[in-house]
Amino acid sequence: MADYGIGAADEISRLSLGHGREPPPLPPPSIRSAGIVAVDITDKFENAVKTLEPAELVKDDLFTLFDSVAALEIMDPKMDSGCIQPGEHFDVMYHVSRPLHPEEALGIMDQLICHEMSWHLGYPLSQTIFTSVYVEALLMPEPGSIREAYFVRPGNMEANEQPMLEVLRAYCLGMLKACGYVNERIKAEHFYEEEDFVPNTYNRTLLTGFPSKEVQDVLSRAVELVLSLKGSSIPDDMADALVSRLDLRSVFLTATESPQHMKEPSKAKAPWDKALQILPRLGSTHSLASAVDDAFSMKLQRKLASTVPPRPIVQLNFDDAFGHLSRLFKDGSEVIGVLEYTDSQCLQTFVQSFQSKKPQPMVYIRTLLQTFLFDAMEILGSMSIRQLLDDDLSIITLPAHPLLDRDNDEIEAPQDPRFVMSQKMELFRQRAAQPFLDIFRTACQNRCRVRRTLCHLVRDWENLQVDAEDIDEMLQMRTEEQPVMQRSPLGLDPIETYSLPLSSWTYLYKLRLMEAIVQLGFELQVYQVDEMAGMYWYLNYLSKSRLQHVERIKTFVVRRATQSRSQVLPPPAEQQLQRSLSYTRLSMLDAAVTWELSDALCCVYAVLDRCKLISAAPRPYSDDRLRYDLRMRPFSPIGLPALPTLEDFSYGTKQPDSSTSALLEHAERAATSARRGFEALGKLSAEDSFSVGSHARWIGSAKDALKSCIATGVAVSTLRKALLKAGGDEAATLNVLAEVPTWDKAYHEWWIVPRIVPVT
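Bear in mind that the values here come from a model prediction, so they are computed numbers and not experimental data.

1. Section: a nonpolar patch on the surface
Part 1: Taken together, the side chains of Val37, Val39 and Ile41 define a hydrophobic patch exposed on the protein surface, amounting to about 330 Å² of accessible area.
Part 2: Summarising the element assignment, valine 39 is placed in the loop between helix H1 (5–15) and helix H2 (42–50).

Printed below as a string of structure tokens:
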């Protein structure tokens, strides 16, 4: 057996690069020459191998990892892109100069749509758009201008002047230019390569140097060409189909430039809405297309600058691709709504509700949202970070407060309290800006990354709370704040309580983040069935802490509003006070319904576990302590609220001191209370719910949670009937089955309500 070596393999690939012809067979290597002495080492090699123990490895120090991998790749069809089978051509035998019928051009366009959507879904260009022979002909060699971007180069302009080739050329140019904008936009923002998107262009340029206007002019001329041939050489319906696809390319190219119109939302939204109007025409004419499979080839991967082995073409059918395309344009039109700023809480509601859509918006839309939020260190293209922070503080803890007065910045006398206010507030803003903005940036990631990032972000808020407490103490002394006398929880003498606005604001956000981590665990199916009771108990523990904290914040907001009645406040200050009171009511109601529904589900799952209606998967290497440590790991660095001990966690989960009937009765009361709370939430206006711009999604989420409350009540009722049917004997086997749905089959992804089915 001859050993060709790495250099010989490269030579084989080099000599095989003929266009449309068989590579000449290589002569076998000569082993009879003056420079070669051939020695048969077969017997020696076999004897040497017999001396090795099983799994023993012999390695030459000069034989590197690169050499070993290269040796595996040579002549292996799965690894060596230059390897060809007997009788196979090395190059693609499809000629881009061949005349196309209108239905063939239409079929190629629709297949390119499928590949484009596959790329948006996260597959690389090498398996999608770059498998097109026409795309390869346009991009290689790299055209210097739009006048050089033809399928056939150089010369032979007669082939390029074929009508359908001109139409297809315009379509491809529009697609590649838009893909270039998309690729650059995604790379400019925060995303996870290979997990969300593959930006590698394999040494291709995607026409980034071409002005958009020149590409738009080519598309316009192509539309005029089709219309001129309509009714003569092209049937009317076929002409309309071609024009709709060219129009789609034009408006999508305009839409990908939308970040430059951040200060003109209506102008930025127009191309997305226009694309939605074009889509029905495109979908209804797909049946006219004729597929041209030969125009796409996996062999083109050999010409790409890639270190990965050849991979098959991603085959996405047109119906699925059309669905993704429709969703892309719908989400693109909807995301422009974020530019209509109302206040910081409405902005948060918009971002969080938009990113929690099912299915989640594609990575391009998510990075487009990041651009709107953070481009050039400006929020929505017009606001500073300070404006956003101050607006949020004025809503939660500092409505119409002197600490946020801009006039403080003009004070230069160090002994003046306003000078201290300005200095300390600026110090706090510098420390709070990054954690606060990270809430928005984190929400723009895929759902798995959101939870994982929140586990790190909550530690930043823990550190920020320590800084906020120190700053609060300094401000408290310099402003000579008068405390509020509150009753002691132990019934002792009243205690003095200070507002501590900065640490209160920080602590509230920290609690919200901790709740979000637990809730995303249900959505992402992190918890096993037997862990549901424990995690709903911990969610109940956190929401109870949040409710108590919001009640404390409410005390000082109400005091501020009471004091303002004796003063003549300007209308903006009065509006801030009313807005803060509205937010406090909303936050208390939200915390209360979370508390009640999580309490009800905790009791339901505790009953199911007690009655052995759910069972845990075998865990030979796990125990209660290890599982507890795993679930509480994101919260272990948090000082307040204190992490419950394993004993408290187990007791709260199993509730051994309560009978089964008592647990079901408590669950019924909690579910009923949560139901009333969600009904109240569903009646709130966009202003009162702080969901201006996303009220429909917010109401939809509240209604889904309301359905979960109703389903919880039904589950409790069914369990109580089964218990009564068993004579009230809690040790008896209940004639019911418990089905725990996945998040996508539940009414709400955070509230996994078991279905209780009677056994007949």
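2. Overview of the layout of surface pockets
Part 1: Approximately 1,400 Å³ is the volume attributed to the largest pocket.
Part 2: Along the wall of the largest pocket there are 49 residues; nearest its centre are Gln352, Gln519, Trp698, Ser701 and Trp750.
Part 3: Looking at the lining of the largest pocket, the elements with two or more residues in it are helix H12 (344–355), helix H15 (417–443), helix H16 (447–479), helix H17 (501–523), helix H19 (571–610), helix H22 (660–682) and helix H23 (695–725).
Part 4: The greatest single-element share of the lining of the largest pocket, amounting to eight residues, is contributed by H23.
Part 5: In terms of residue class, the lining of the largest pocket is made up of 23 nonpolar, 15 polar and 11 charged.

3. As for the confidence of the model for the chain
Part 1: Across the chain, the average pLDDT comes to 89, with 91% of residues at or above 70.
Part 2: Throughout residues 1–20 the model reports pLDDT below 50, and contacts reaching past four residues in sequence, or to other chains, amount to 20 contacts.

4. Thoughts on empty space enclosed by the protein
Part 1: In this structure the tally under the stated criterion is four cavities of 30 Å³ or more.
Part 2: Volume-wise, the largest cavity comes out at about 60 Å³.
Part 3: Lining the largest cavity, in full, are Gly337, Val338, Glu340, Tyr341, Thr342, Asp343, Cys346, Leu347, Phe350, Val692 and Gly693.
Part 4: Within the lining of the largest cavity, the residues separate by chemical class into six nonpolar, three polar and two charged.
Part 5: Approximately 50 Å³ is the volume found for the second largest cavity.
Part 6: Together, Thr397, Ser499, Pro501, Ser504, Arg552, Ile553, Phe556 and Val557 line the second largest cavity.
Part 7: For the lining of the second largest cavity, the element with the most residues is helix H18 (residues 532–564), which contributes four residues.

5. Re the environment of isoleucine 278
Part 1: With respect to the helices, strands and loops of the structure, isoleucine 278 is situated in helix H10 (residues 265–284).
Part 2: Among the residues examined, isoleucine 278 registers a relative accessible area of 3% and is labelled buried.
Part 3: Along the primary structure isoleucine 278 and aspartate 247 are separated by 31 residues, whereas in three dimensions their C-alpha atoms are 7.6 Å apart.
Part 4: Those residues in contact with isoleucine 278, other than ones at most four positions away along the chain, are Ser244, Asp247, Leu248 and Val251.

6. Section: helix H8 (residues 212–229)
Part 1: With 18 residues, H8 extends 26 Å from end C-alpha to end C-alpha; this agrees with the ideal 26 Å at 1.5 Å per step.
Part 2: Looking at H8, one finds that the buried residues are Ser212, Val215, Gln216, Val218, Leu219, Ala222, Val223, Val226 and Leu229. Buried residues of H8, viewed axially, fall in a sector of 155 degrees; they line one side. Away from its buried face by more than 90 degrees, H8 exposes Lys213, Arg221 and Glu224.
Part 3: Buried-residue contacts for H8 involve helix H7 (163–188) and helix H9 (236–255).
Part 4: Positive phi shows up at glycine 231, right after H8, with a value of about 90 degrees.

7. Some details on the environment of arginine 431
Part 1: If you trace the backbone, arginine 431 turns up in helix H15.
Part 2: Expressed as a C-alpha distance, the spacing of arginine 431 and arginine 633, which sit 202 residues apart in the sequence, is 25 Å.
Part 3: Beyond its immediate stretch of four places on either side in the chain, arginine 431 contacts Leu464 and Asp467.

8. Points about a negative patch on the surface
Part 1: Together, Asp405, Asp407, Glu410 and Glu412 make up a region of like negative charge exposed at the surface.
Part 2: Tracing the backbone through its elements, the reader meets aspartate 407 in the loop between helix H14 (385–396) and H15.

9. With respect to the state of the cysteines
Part 1: As enumerated under the stated definition, the model contains zero disulfides in all.
Part 2: Unpaired in terms of disulfides, cysteine 709 finds its nearest cysteine sulfur in cysteine 603, a separation of 14 Å.
Part 3: We classify cysteine 709 as buried; its relative accessible area is 2%.

10. Describing the packing of aromatic side chains
Part 1: In the structure shown here, the tally under the stated rule is 26 aromatic pairs.
Part 2: Ring centres of phenylalanine 191 and phenylalanine 197 lie 6.4 Å apart, and the angle between their planes is 75 degrees; this geometry places the pair in the edge-to-face category. Grouping residues by exposure puts phenylalanine 191 and phenylalanine 197 together as buried.
Part 3: Summarising the aromatic geometry, the rings of phenylalanine 436 and tyrosine 509 are spaced 5.8 Å apart at their centres and angled 85 degrees between planes, so their arrangement reads as edge-to-face. Taken together, the residues span a long stretch of sequence, with phenylalanine 436 in helix H15 and tyrosine 509 in helix H17 at a distance of 73 residues.
Part 4: A relative accessible area of 1% means that tyrosine 509 is categorised as buried.
Part 5: Taken together, Phe428, Phe436, Phe440, Trp461, Trp505 and Tyr509 form an aromatic cluster joined through their ring pairs.
Part 6: Just above the ring of tyrosine 181 sits the side chain of lysine 177; from NZ or CZ to the centre is 4.9 Å.

About the cut-offs
- Residues numbered from 1 in each chain as written.
- Predicted model: local features only at pLDDT ≥ 70, side-chain atom pairs only at ≥ 80, totals over all residues.
- Heavy atoms only, no water.
- Patch = residues over 30% accessible without salt bridge, like charges linked within 9 Å, V, L, I, M, F, W, Y side chains within 5 Å.
- Areas by Shrake-Rupley, 256 points an atom, 1.4 Å probe, with all protein chains shown as cover.
- Salt bridge = Lys/Arg side-chain N within 4 Å of Asp/Glu carboxyl O.
- Helix = DSSP H or I, 4+ residues; strand = E, 2+ residues; numbered from the N terminus.
- 1 Å grid on protein atoms, 1.4 Å probe; cavity = no way out; pocket = protein on both sides within 12 Å on 5 of 7 lines; lining within 4 Å.
- Points joined across faces, edges and corners; volume = space filled by probe spheres on them.
- Nonpolar A, V, L, I, M, F, W, Y, C, P; charged D, E, K, R; others polar.
- pLDDT = per-residue confidence, 0-100.
- Contact = heavy atoms within 4.5 Å.
- Buried < 20%, exposed > 50% of the residue type's maximum accessible area, 1.4 Å probe, protein only.
- Expected span 1.5 Å × (residues − 1).
- Arc of directions from axis to C-beta.
- Lys, Arg positive; Asp, Glu negative; His and termini not counted.
- Charge placed at Lys NZ, Arg CZ, Asp CG, Glu CD.
- Disulfide = S-S within 2.5 Å.
- Phe/Tyr/Trp six-rings, centres within 6.5 Å; stacked < 30°, edge-to-face > 60°.
- Lys NZ or Arg CZ within 6 Å of the ring centre and 35° of its normal.

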